[in-house]
Amino acid sequence: MLTCFIRYQIDPTKRALFEEYARNWGQAIPRNGAGLIGYYAPHEGSSTLAYGVYTIPSLAAYETYRARLAEDPIGKANYDFAIQEKFILREDRTFLKLASTPHGAQK
């Protein structure tokens, strides 16, 4: 299982728009094949950093998921919403695998 971390740089004056964007992904991501952990908007500290986090079984599954998401009505509308409103200034995506075992577990 891979975990995708999306780091967003957002316009701090448009945080409410990012939060709407996040709620929309809350519907579209799970129904298209990824395990949404959550979207996180700024609260304290940096006013420009936000994150999206979800799991996917493999990079091959990711490609299938992305194609489905691009055809999903909410997904398409959300992509368009972000472009139109310009609240995302930068987006970086990385895939990580869990390297630790649960606390106290022995191998």
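Bear in mind the structure is a predicted one, so any value in this text is a computation, not a measurement.

Peer 1: What am I meant to see in the sheet that holds strand 1 (residues 2-10) here?
Peer 2: By way of backbone hydrogen bonds, the strands of a sheet pair with one another, either parallel or antiparallel. Here 4 strands make up an open sheet; going across it, the order is 2-3-1-4 and the pairing antiparallel. The outermost strands of the open sheet, each flanked by one partner alone, are strand 2 (35-40) and strand 4 (88-97). Taken over all neighbouring pairs, the strand axes of this sheet differ in orientation by 15° on average, direction set aside. In this structure, strand 1 lies alongside strand 4, joined through 9 bridges in antiparallel fashion. Each residue of the ladder has a partner; that of Phe-5, found in strand 4, is Thr-94.

Peer 1: Please explain the environment of Tyr-40 as it appears in this structure.
Peer 2: Examined against the element boundaries, Tyr-40 turns out to sit in strand 2. Apart from the residues lying within four places of it in its own chain, the contact partners of Tyr-40 are Phe-18, Ala-50, Tyr-51 and Val-53.

Peer 1: Quick question: what am I supposed to make of the side chain of Asp-72 here?
Peer 2: As for its placement among the helices and strands, Asp-72 is situated in the loop between helix 2 (59-71) and helix 3 (73-85). Its relative accessible area of 7% is what places Asp-72 among the buried residues. Residues within four places of Asp-72 in sequence aside, it is in contact with Ala-28, Arg-31 and Asn-32.

Peer 1: Could you clarify how one ought to interpret the pattern of salt bridges in this entry?
Peer 2: Working definition: two side chains of opposite charge can pair if their charged atoms are close together. Taken as a whole and judged by the stated rule, the model has 4 salt bridges. Put simply, Arg-31 and Asp-72 hold a salt bridge, and the shortest N to O gap is 2.8 Å. Of this pair, Arg-31 sits in helix 1 (residues 15-31) while Asp-72 sits in the loop between helix 2 and helix 3, and the two are 41 residues apart along the sequence. Asp-92 is paired through a salt bridge with Arg-90; the nearest N and O atoms lie 3.0 Å apart.

About the criteria used
- Residues numbered from 1 in each chain as written.
- Predicted model: local features only at pLDDT ≥ 70, side-chain atom pairs only at ≥ 80, totals over all residues.
- Heavy atoms only, no water.
- Pairing = 2+ DSSP bridges.
- Helix = DSSP H or I, 4+ residues; strand = E, 2+ residues; numbered from the N terminus.
- Axes fitted to C-alpha atoms, helices over the stretch in contact; angles between N-to-C directions.
- Contact = heavy atoms within 4.5 Å.
- Buried < 20%, exposed > 50% of the residue type's maximum accessible area, 1.4 Å probe, protein only.
- Salt bridge = Lys/Arg side-chain N within 4 Å of Asp/Glu carboxyl O.

By themselves these figures say nothing about function.
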